[in-house]
Amino acid sequence: MKKMKLVVIFLTIILSTKSCTKKEEIGIHTQLNSTQKMYYNGKIYTVNDKQPWAEAMIIDKNEIIFVGSNAEAENKLEKGGEKINLLGKLVLPGFHDVHMHPMEVGSTTTSFELNEEEVNPENYISTIKKAARENPDVAWLIGFGHSIETLFQAKRNPLKIIDEAVSDRPVIIMEQTSHSMWINSKGLELAGITATTKNPQGGIIMKEKGELLGILIDNAGDVVFQQAVTALNDANGEYDGMVQFVLPELAKHGITSVSDARTYWKRNQHKTWGNLAADNKLTARFNLGLWAYPAANDIEQIAALKKMFSNDKNSLLKINQIKLYSDGITHNTTAALHSNYKEDYFGLATNNGLNYFSEARIATYIKELENVGFDFHIHAIGNRGVTEALNAIEQSGTSNGRHRLTHVEMVDIGDLKRFKQLNVTADAQVAGTFTQPHHWHENDYLVGSTLANNLIPIKSLKEVGARVTLSSDWNVSSLNPFIGIQNAVTRAPQNISLSEAIKSYTINGAYVMRQEDKVGSLEVGKLADFVVVDKNIFEIPSNQIKTAKIVKTVFNGKEIYKK
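Rules and cut-offs
- Residues numbered from 1 in each chain as written.
- Predicted model: local features only at pLDDT ≥ 70, side-chain atom pairs only at ≥ 80, totals over all residues.
- Heavy atoms only, no water.
- Helix = DSSP H or I, 4+ residues; strand = E, 2+ residues; numbered from the N terminus.
- Rg over C-alpha atoms; globule rule 2.2 N^0.38 Å.
- Buried < 20%, exposed > 50% of the residue type's maximum accessible area, 1.4 Å probe, protein only.
- Contact = heavy atoms within 4.5 Å.
- Areas by Shrake-Rupley, 256 points an atom, 1.4 Å probe, with all protein chains shown as cover.
- Lys, Arg positive; Asp, Glu negative; His and termini not counted.
- Charge placed at Lys NZ, Arg CZ, Asp CG, Glu CD.
- UniProt positions renumbered as here; feature names shortened; annotations may be inferred.
- Pairing = 2+ DSSP bridges.
- Axes fitted to C-alpha atoms, helices over the stretch in contact; angles between N-to-C directions.
- Salt bridge = Lys/Arg side-chain N within 4 Å of Asp/Glu carboxyl O.
- pLDDT = per-residue confidence, 0-100.
- Phe/Tyr/Trp six-rings, centres within 6.5 Å; stacked < 30°, edge-to-face > 60°.
- Lys NZ or Arg CZ within 6 Å of the ring centre and 35° of its normal.
- Core = buried A, V, L, I, M, F, W, Y, C linked by side-chain atoms within 4.5 Å.

## Topic: the overall build of the protein chain
Phase 1: Secondary structure assignment for the protein chain yields 20 helices and 25 strands.
Phase 2: Since a compact globule built from 563 residues should have a radius of gyration of about 24 Å, the 26 Å found for the protein chain is in line with a globular shape.
Phase 3: For the protein chain, the spread of C-alpha atoms along the principal axes amounts to about 105 × 55 × 45 Å.
Phase 4: In the protein chain, buried positions account for 56% of the 563 residues.
Phase 5: Of all intrachain contacts in the protein chain linking residues separated by at least 6 positions in sequence, the fraction that spans at least 24 positions is 73%.
Phase 6: Surface exposure of the protein chain reaches about 23,800 Å², of which carbon and sulfur atoms provide 50%.
Phase 7: Distance between charge centres in the protein chain, computed from 61 positive and 63 negative side chains, equals 8 Å.

## Some words on the UniProt feature "domain: Amidohydrolase" (unreviewed entry) in the protein chain
Phase 1: The positions that UniProt labels "domain: Amidohydrolase" (unreviewed entry) are, in the present scheme, residues 84–561.
Phase 2: Between the end C-alpha atoms of residues 84–561 the distance is 15 Å, and the span holds 33% helix and 20% strand.

## Brief notes about the sheet that holds strand E17 (residues 285–291)
Phase 1: One open sheet holds the 8 strands; their spatial order is E9-E16-E17-E18-E19-E20-E21-E22, and the pairing between them is parallel. Since the sheet does not close on itself, it has two edges, and those belong to strand E9 (95–100) and strand E22 (468–470), each with one partner. Ignoring strand direction, the axes of neighbouring strands in this sheet form an average angle of 25°.
Phase 2: As judged from the 4 bridges shared by strand E19 (residues 375–380) and strand E20 (residues 404–407), these two strands associate in the parallel manner.

## Focus on the side chain of Glu409
Phase 1: By secondary structure assignment, the location of Glu409 is in the loop between E20 and helix H14 (413–421).
Phase 2: Buried Glu409, no salt bridge; nearest opposite-charge side chain is Arg491, N-O distance 9.0 Å.

## Some remarks on the confidence of the model for the protein chain
Phase 1: Per-residue pLDDT for the protein chain averages 93, and the proportion of residues at 70 or more is 94%.
Phase 2: Predicted confidence is poor over residues 1–26, with pLDDT under 50, and the contacts of this stretch with residues over four places away or in other chains come to 8 contacts.

## Describing the packing of aromatic side chains
Where two aromatic rings form a pair, the distance of their centres and the angle of their planes describe that pair.
Phase 1: Applying the stated criterion across every chain yields a total of 18 aromatic pairs.
Phase 2: Both rings, one in Tyr345 and one in Phe346, keep their centres 6.1 Å apart while their planes meet at 80°; by these two values the pair is edge-to-face.
Phase 3: For Tyr345, a relative accessible area of 24% puts it in the partly exposed group.
Phase 4: Of the aromatic side chains, those joined through ring pairs into one cluster are Tyr264, Trp265, Trp291, Tyr293, Tyr325 and Tyr356.
Phase 5: Sitting over the face of the ring of Trp291, Arg262 holds its NZ or CZ atom 5.9 Å from the ring centroid.
Phase 6: The ring of Tyr511 is capped by Arg402, whose NZ or CZ atom sits 3.9 Å from the centre of that ring.

## Some words on the sheet that holds strand E23 (residues 530–533)
Phase 1: Read across the open sheet, the 6 strands follow the order E4-E3-E8-E23-E24-E25; overall the sheet is mixed. Edge strands, defined here as strands with exactly one partner in the open sheet, are strand E4 (53–54) and strand E25 (558–562).
Phase 2: Relative to E4, strand E3 (residues 43–45) runs antiparallel, the two being bridged by 2 bridges. Counted as the bridge partner of Ile44 is Ala54 from E4.

## Some details on the nonpolar core
Phase 1: Of all hydrophobic cores here, the largest spans 143 residues; its most connected members are Leu92, Ile128, Leu250, Phe286, Leu405, Phe419 and Phe482.
Phase 2: Here this core gets 6 residues from one element, more than from any other, and that element is helix H9 (residues 235–252).
Phase 3: In this structure, Leu250 is in contact with Met100, Ile255, Val258, Phe286, Trp474 and Leu479, ignoring residues within four places of it in sequence.
Phase 4: Of all hydrophobic cores here, the second largest spans 16 residues; its members include Tyr39, Ile64, Leu522 and Val554.

Pasting the structure below:
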C-alpha cells in the first residue's frame, strides 16, 4: 500500500513538471486573484531615453507599474499575478499613425477598382461596364484606382471614353492618389458642371478648347465625390467597415493610436465615429482631423468647427484637430511651387500650383481655432505650400499649438530650421516606393532636377532639430509600420537612424496627439499599449526590417491581436 502511494506521488510530480514546461513553451503561467501581469524574458525597447532597454514589465489592469530586470519583476509581482514569458522577443510601444484615412478605407461605397498600371484608358471600358451590370441599383457608380497619367495620354477625349462605358447614370472614379476624379457626362450634369462653370477654390475643371474632358482636379473632384457618396447614404457601411476590416487591420499591424486625416463632418462622419466610441468598438486611440472645406464660407465654417471640439481625456475618441490643404500634388502640377512648372496642363493665368487655402486664410483659421484647443494638420507638398503654411503658423500660432505639416516633399533650405523654431512637426510618409531616392527624378520633367532632388528631407529636418513623425497615408501607402521604418533608415541620403524612426512612429506621434504623458513609450505610470515582434529589428539587416511581423498587440492592457 505504501509502495502504491509513493508511485502516485511520483507520477503527480512528473505530470506537474510536464504541465509547467508546456506552459513555459507557450509563454504563459496563469495565476488567479490578481489584476497584475508580468511580461518577462524580453528585449523591451522602451523609447525612454533614461532607460532605453528592459527585460520585464508589470502592468496592473491597463497601467504600467514596473519596467526593469527579470529578477526585480519577479520580486515585485504580487501573489497571484499572471506571468507571460516573452521568450526573448522584441517589445516596442504601440505604433502611432498620425496620418491615415481609416473610415474612407473601410467604406463600402466603392463598387469597383481600376488597374493603376494600365496605360490605355480604352481598356477600362469593359471593367466599368461590368461594374454597372453588377451594381444596377446604386445612385452613383463609384470606382477607384487609375493613374491620371493614363487619362492624360488618352488618344481621345476621356469623357467620351467613360461615357461609352456608362451614359445613363452618374459614374465617378477616384484616381489612386485621390487628387483627381474621372466623371461621366451624367455625373457632370448632376453636379451642375458645364463648359462655362468656373473653377472652384482649390480645384480645376479640365477643358480642352472649351470642351469638358471629364477630369476634375483636386477640390473640383472632391466636391463632386462628396456629393456622390452623400447620395449613397452609407453611414452603416462606414461603421461596419471600421468594425469588420479597419480595426482588426490596425491591431494586426500594432497600431494603437491614429489621427484620422480627413473627417468629412458635413457627411456626419464624426457622428459615425461617436457611435463607434459609444458602442465600445474602438481598439485604438483616435484623434479626428475635421476637414476644412475650401469652398465654404469662413465665418460659418469656423463657427461650426468650434462647436464640434471634444477633448475628453478619458475617451478613446477626441475631436481636436483641423485638417486643411495648403496645396495639391506634384504630378497634377497643383503642388504649390515658388517657380513655374515645366509643363502646362491647364492653361491658367499662373502655372505654379494652386491653393486650397491661401496663407491668409490658414492664418485666420489658426487664429480662430487654436485657442479653442484645435491643432492643425496641414497638407503641404510643394515648397511654396510649405513656406506659406509656416508663415501662417508664425503669424497666428502660439506656444500652445502643436501643429504639423504633412507630406513635406519639397522644402526650401531656409524653411528647414523654421520647423523647430515654430515647434511645427514634419509628418512624412516614406512607406510608398515613389518616395525612394531612385524615383525622385521621375518628376524632373515637371519641376526640374534640383527641386526633384532630396524629396521628403527627413534627415535634413532631424539635423536642424525638427520633430519628425512617420505615417502611412493609408491607403495611398502601406499600413505596415515596418515598411515605413525600413525605408526611413535606408533611403540615403535622406535617411535617419533606427531609434529615430521608431520615435517617429511612437513618442513623436504621441506628442502631436497630445498624449505623450499617457502612451508613446513604455514607462511607469503610462498606459499599456505595446507590441511583441517576431524579429529583433535592431539585430537584423536594415533591408530586412519590413519582414518583421507583430506577434501580439496589447492595447490599454488588453490583448487585441495574437498571431
